[in-house]
Amino acid sequence: MADNIPSGRGVRDPLLSCRGLVRRFGDQLAVDGVTFSVAAGETYGLLGPNGAGKSTCIRMICGLLAPDEGEVTVCGQRIDRNSVDAKARIGFVPQDVALYPDLTARENLRFFGRLYQLAGRSLDDRVNEVLGDVDLRDRADDRVDTYSGGMKRRLNIAGGLIHRPDLLVLDEPTVGVDPQSRHAILESVHRLGEMGMGVLYTTHYMEEAEQICDRVGIIDNGRLVAEGTRRELVAQLAERDHIKLTASGDLASLSQRCSELDGIEGSTVVDDRLDLIARDGRRLLPKVFELAEQCGVEVTSVEVVEPTLETVFLHLTGTELRE
Amino acid sequence: MRTPVAVVIAGKDLRQRFRDRSALVLGFAAPLAIAALMSLAFRGTEQFHFTAGVVNNDHGQMASAFGQVITSKEVKSVMATRSYDTEASARAALKHRSVSAVFVVPSGFSQSAAGAHPESIRVLTSIDLQLAGQVADSIAQSFVTQVNADRLSVATAVTAGASSGRIAELAASASTLRPPLDIVSRPSGSHSLKVISYYAPGMGIFFLLFAIGFTARGYFVERRNGTLERMSAAARPGQIILGKSLAVLVYGSASLGTMALVTSLLFGADWGGPLLATAVGIPMVLSVVALTALVIVLARSERQAEGMASIVTFGLALMGGNFVFLSTAPPLLRKLALFTPNGWALRAYLDLATGPHRWSTIALPVVAMLSFALAVSAITAILLRRSEVSLS
């Protein structure tokens, strides 16, 4: 994970700038004042559980949905549903495979390319180039409905790259993908970042965010609750430990009792596990075991680890990030 | 040169459409096959001929004159006659379908023709043989009407004391009368109608209406698959709507055009010539485009779109006369057809097939169809704003 990217909410000359985005669906506030920016060559991860507001943010950024408040600019141009030139700076890779199954890979890419005004030889060359990038040149003239899931995912990404966008927006591109294809996708995204393309990557897989993102924004209940590099985020929990206690019994009572201990800053039950954020965790362990015994909880394993992005997420949102 | 985005979208839609066998069958093969079958099934009906019974209870000069009219050369091409001594025997023949209609010339018909209260020639018809009954009735009424003017002058003369010999003059005059040509052999317009000239556009337009269904369904499939959203990330909503409409326009025009070409060349259907046929076809296709947009705006799912499209397709086809000759349909159906674009299109093609190939022949139907398309488009636009339907 790179740490040399400008941090904070304002990067200089941002490729993408989102300011105070608000979006409601009826009475439900889906996105609540989200502000962040992405620089050229930066891979920015928008991390949050399902329903946190990631996809709504993405749809506003790509001009598919008008924000109730706030604005999005790409390369200084404001985005709305009719701003074709500004939208052409973005390559959008939807969460679901959005391809025409009755067309070949080449026909799909030619269509998406022509939507962005590519034509003739330059279109043909670009189609071949992108097909090569996603390793589908051998199957270019086969119909997409004959492809495997992983191949479709790769072609889905190719569709977002065909017009050489400045910013690639990927909405959870690895959902439902086998490990091999996931690895290939993450490699591709990493390579694009290195080539200078700005990447906005939403995911609810912590390890993906840690692996490829220069900066991460944590979104929960429609709000951006934290933002920074991995080091910056983890530094928020400096000198704290993450105690993972696997146990059976009344974990809710134990969590309640633990949260009253001096030095415990967070206590969350996730299935058969109790997660504690603690200052000097090792010192507190005997007291935790004592409380467990009092609550009738049988501890089967205990682990004290350095804070990770997952710990930060747990600390900030009180929930575990999972599918 | 840059290709407009709407054209790019239309091109993609058409590529998919022409790759889809069901769309090819519905747009091209099925209408051709069914029109050909219907044409074969109804072959010969354009050379309409029947036998009418005649019961002469008068035996006077006017009855004789009527007999000359109904056995004239012109009438023989449509109707043969057979005499019966009594009305009962004629009725029996009608019941057994030995004849299709019966003329009953009442006793005293000739004498009354010169008086103030003339008798009428009665026509007995069968409910199953309505067309023959209508033609027979028209011939009888035509005879009586044309005699009527002379009858008034004779009645005046007799009242003034003239001899009954004037009746002979009236009868002589009446015997030279001929039923109007349009009753005898040309029910409408100036050409006789070939059945294929009605059923070819009828079936072509009926299957064109299916475009509403598969276009609307295709829209919802694109929305479900996310391709519509992907398109929206590159194009304006208006460009997408225009592109999809353009695809329907091209597909519909190709379908109707192929139907016109093939049925003209193979079956001799008369569509009124390429220009006039196109001038009628385009507003019809535009109406289909407008209806497609309306179904898309009203429906909330693929299933709803299919249901609505089926109702629109079969409702319009039934009301507009795609399955039955409107000229023989009940008055209510003929009135309902005026509210349908296909009803107007069929009327235009029928007029072209039976009348002169003039722009004035199709002017009213074209205006009516364009008005329909505009009205539906306006409703769609209002609904679109109210429902805030998103392209994605």
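In every chain, residue numbers begin from 1 and rise along the written sequence. To label them, take the chains in the order written and letter them from A, then take the ligands in the order written and number them from 1. Thresholds applied to this predicted model are a pLDDT of at least 70 for local features of residues and 80 or more for the giving and counting of side-chain atom pairs; totals over whole chains, interfaces and linings are not thresholded and use all residues.

Novice: Help me get a handle on the overall build of chain B, residues and values and all.
Specialist: Comment: elements are numbered from the N terminus, with helices defined as DSSP H or I runs of at least four residues and strands as E runs of at least two. Per the secondary structure count, chain B includes 17 helices and four strands. Here a residue counts as buried when 20 or more other C-beta atoms sit within 10 Å of its C-beta, as exposed when there are 12 or fewer, and as partly exposed otherwise, the C-beta atoms being derived from the backbone. Of all 392 residues assigned to chain B, the portion counted as buried reaches 44%. In chain B, 79% of the contacts between residues at least 6 apart in sequence involve partners at least 24 apart. What counts as a contact is two residues whose backbone-derived C-beta atoms lie within 7 Å of each other.

Novice: Lay out the overall build of chain A in plain terms, naming residues and giving numbers.
Specialist: Within chain A, the secondary structure is distributed over eleven helices and 14 strands. Counting every position in chain A, which comprises 323 residues, the buried fraction comes to 48%. Nonlocal contacts in chain A, meaning residues at least 24 apart in sequence, comprise 70% of its contacts between residues at least 6 apart.

Novice: Which residues make up the interface of chain A and chain B, and what are the values?
Specialist: Taken together, the contact pairs 24 residues of chain A with 20 residues of chain B. Going through the elements one at a time, α2 (84-87), β6 (90-93) and α3 (105-115) of chain A are the ones with two or more residues in the side of chain A that touches chain B. The greatest single-element share of the side of chain A that touches chain B, amounting to three residues, is contributed by α3 of chain A. For this classification, Asp, Glu, Lys and Arg are treated as charged, while Ala, Val, Leu, Ile, Met, Phe, Trp, Tyr, Cys and Pro are nonpolar and the rest, including Gly, are polar. Each residue belonging to the side of chain A that touches chain B can be placed in one class, and the counts come to 15 nonpolar, four polar and five charged.

Novice: How would you explain the pairing of strand β7 (residues 167-171) of chain A if you had to name every residue and give the values?
Specialist: Two faces, one strand: in a regular strand the side chains alternate between the faces of the sheet. Residue and element names in this part refer to chain A. The buried fraction of β7 amounts to five of the five residues, a majority that puts the element mostly inside the structure. The alternating pattern of β7 places L167, V169 and D171 and L168 and L170 on opposite faces, both of which are buried. We treat two strands as partners when DSSP finds at least two bridges between them. For β6 and β7, the ladder comprises four bridges, and the chain directions are parallel. The partner of V93 across the bridge, within β7, is L170. Two strands pair when backbone bridges link them, and β7 and strand β8 (residues 198-203) are joined in this way by five bridges, in the parallel orientation. Each residue of the ladder has a partner; that of L170, found in β8, is Y201. Taken together, β7, helix α6 (residues 179-194) and β8 form a β-α-β motif whose crossover is right-handed. For the handedness criterion, the strands are oriented away from the viewer, and a crossover whose path from the first strand over the helix to the second runs clockwise is classed as right-handed.

Novice: Could you give an account of the domain arrangement of chain A, naming the residues involved and the relevant values?
Specialist: Per the annotation, domain bounds derive from an automatic or database assignment of domains. Per the domain assignment, the segments of chain A are domain 1 (16-234) and domain 2 (239-306). Taking only C-alpha atoms, the centre of domain 1 of chain A and the centre of domain 2 of chain A are 39 Å apart.

Novice: Any details on the pairing of strand β11 (residues 240-248) of chain A? Residues and values, ideally.
Specialist: All names here are of chain A. Note: β11 against strand β13 (residues 273-279), seven bridges, orientation antiparallel. If you follow H242 over to β13, its bridge partner there is I277. Inspection of the sheet shows β11 paired to strand β14 (residues 298-305) by seven bridges, in the antiparallel sense. Following the sheet pairing, T246 is matched in β14 by S301.

Novice: Explain the nonpolar core to me, using residue names and the numbers behind them.
Specialist: Nonpolar side chains in soluble globular proteins tend to be buried together. Core analysis: the largest hydrophobic core is formed by 167 residues, its most contacted members being I61, V169 and L200 of chain A together with L209 and V288 of chain B. Tallying contributions element by element places helix α10 (residues 195-225) of chain B first for this core, with 17 residues. Residues in contact with V288 of chain B, not counting those within four places in the same chain, are L208, L209, A211, I212, V248 and G252 of chain B. As used here, a nonpolar core is made of buried Ala, Val, Leu, Ile, Met, Phe, Trp, Tyr and Cys residues. They are joined through C-beta atoms within 7 Å. A52, L94, V104 and I139 of chain B belong to the second-largest nonpolar core, a separate cluster that totals 31 residues.

Novice: Any chance you could break down the packing of helix α13 (residues 274-298) of chain B against helix α14 (residues 302-320) of chain B for me, citing the residues and the numbers?
Specialist: All names here are of chain B. All axes are obtained by fitting lines to C-alpha atoms, using only the stretch in contact for helices, and the reported angles, taken between N-to-C directions, cover 0 to 180 degrees. Interaxial distance between α13 and α14 falls to 9 Å at its minimum, and their mutual angle equals 145 degrees. Judged by the sense of rotation from one axis to the other, the crossing of α13 with α14 is right-handed. Contacts between α13 and α14 pair L291, V295, I296 and L298 from the former with A305, M308, A309 and V312 from the latter. Handedness of a crossing follows from how the near helix is turned relative to the far one, being left-handed for an anticlockwise turn of less than a right angle and right-handed for a clockwise one.

Novice: Please give an account of the sheet that holds strand β2 (residues 28-38) of chain A that cites residues and values.
Specialist: Backbone hydrogen bonds hold the strands of a sheet together, and the pairing may be parallel or antiparallel. Residue and element names in this part refer to chain A. Ordered by their spatial adjacency, four strands build an open sheet running β2-β1-β4-β5, and the pairing between neighbours is antiparallel. Looking along the sheet, the strands with just one partner apiece sit at the ends: β2 and β5 (77-78). Bridge count between strand β1 (residues 16-25) and strand β4 (residues 69-74): five bridges; the pairing is antiparallel. Considered in β4, the bridge of R19 is made with E71. Strands in contact with helix α1 (residues 54-61) are β1, β2 and β4; relative to β1, the strand with the most contacts, it is inclined by about 120 degrees.

Novice: With reference to specific residues and values, describe helix α4 (residues 120-133) of chain A.
Specialist: Residues and elements named next belong to chain A. Spanning 14 residues, α4 covers 20 Å between terminal C-alpha atoms, matching the ideal 20 Å at 1.5 Å per step. Those residues of α4 that sit buried are V127, V130 and L131. For α4, the arc enclosing every buried residue in end-on projection is 100 degrees, short of the 170-degree limit, so these residues lie on one face. Facing away from the buried side of α4, by more than 90 degrees, are the exposed residues R121, S122 and D125. The length a helix should cover is 1.5 Å for every residue beyond the first. Working note: the arc is built from the helix axis to C-beta atom directions.

Novice: How would you explain the sheet that holds strand β9 (residues 215-220) of chain A if you had to name every residue and give the values?
Specialist: All names here are of chain A. The mixed open sheet is built from six strands, whose spatial order is β6-β7-β8-β3-β9-β10. Strands with a single pairing partner mark the edges of an open sheet, and in this sheet they are β6 and β10 (223-228). Each strand axis lies, on average, 15 degrees off the axis of its neighbour in the sheet, ignoring direction. Across five bridges, the pairing between strand β3 (residues 43-47) and β8 is parallel. When the sheet's bridge partners are listed, G45 is paired in β8 with Y201. Of the strands in this sheet, β3, β7, β8 and β9 are in contact with α1, which crosses β7 at around 150 degrees. Sitting on the sheet, helix α5 (residues 149-161) touches β6 and β7, and the angle it makes with β6 is about 160 degrees.

Novice: Describe the environment of E293 of chain A, naming the residues involved and giving the relevant values.
Specialist: Relative to the helices and strands, E293 of chain A resides in helix α10 (residues 281-294). For the pair E293 of chain A and L99 of chain A, spaced 194 residues apart in sequence, the C-alpha separation works out to 57 Å.

Novice: Let's hear about the confidence of the model for chain A: which residues, and what values?
Specialist: All names here are of chain A. For every residue, the pLDDT score states the predictor's confidence, bounded by 0 at the bottom and 100 at the top. Model confidence for chain A is summarised by a mean pLDDT of 88, while 94% of its residues fall at 70 or above. By mean pLDDT, the top-scoring element of chain A is α3 (96), and the lowest-scoring one is helix α11 (residues 309-317) (81). Taken as a whole, residues 1-10 scores under 50 in pLDDT and shows 24 contacts with residues more than four places along the chain or in a different chain.

Novice: Lay out unusual backbone geometry in plain terms, naming residues and giving numbers.
Specialist: A positive phi angle, near 45 degrees, is found at E172 of chain A, a position not held by glycine. Considering the arrangement of structural elements, one finds E172 of chain A in the loop between β7 and α6. Residues other than glycine seldom take positive phi values, yet R97 of chain B does so here, at roughly 60 degrees. Checked against the element boundaries, R97 of chain B lands in the loop between α5 (87-95) and β3 (101-105).

Novice: How would you sum up the packing of α14 of chain B against helix α16 (residues 341-354) of chain B? Please name residues and give values.
Specialist: All names here are of chain B. Between α14 and α16, the shortest axis-to-axis distance is 8 Å and the interhelical angle comes to 40 degrees. Relative to α16, α14 is oriented oblique. The element α14 and its partner α16 pack so that their crossing is right-handed. For the pair α14 and α16, contact is made by L316, A317, M319 and G320 and by N342, G343 and L346, respectively. Looking at the contact of α14 with α16 residue by residue, the classes come out as four nonpolar, three polar and no charged. In this scheme, roughly parallel covers angles under 35 degrees and roughly antiparallel covers those over 145, while 65 to 115 is roughly perpendicular and the rest are oblique.

Novice: Tell me about the confidence of the model for chain B, and name the residues and values.
Specialist: Close reading of the predicted structure is inappropriate where its pLDDT is low. Residue and element names in this part refer to chain B. Within chain B, residue pLDDT values average 83, and 83% of them lie at 70 or more. Model confidence for chain B, summarised as mean pLDDT per element, is weakest for helix α9 (residues 181-184) at 43 and strongest for α13 at 94. Throughout residues 180-190 the model reports pLDDT below 50, and contacts reaching past four residues in sequence, or to other chains, amount to 23 contacts. Under the prediction, the complex receives an ipTM of 0.79, its pTM being 0.72.

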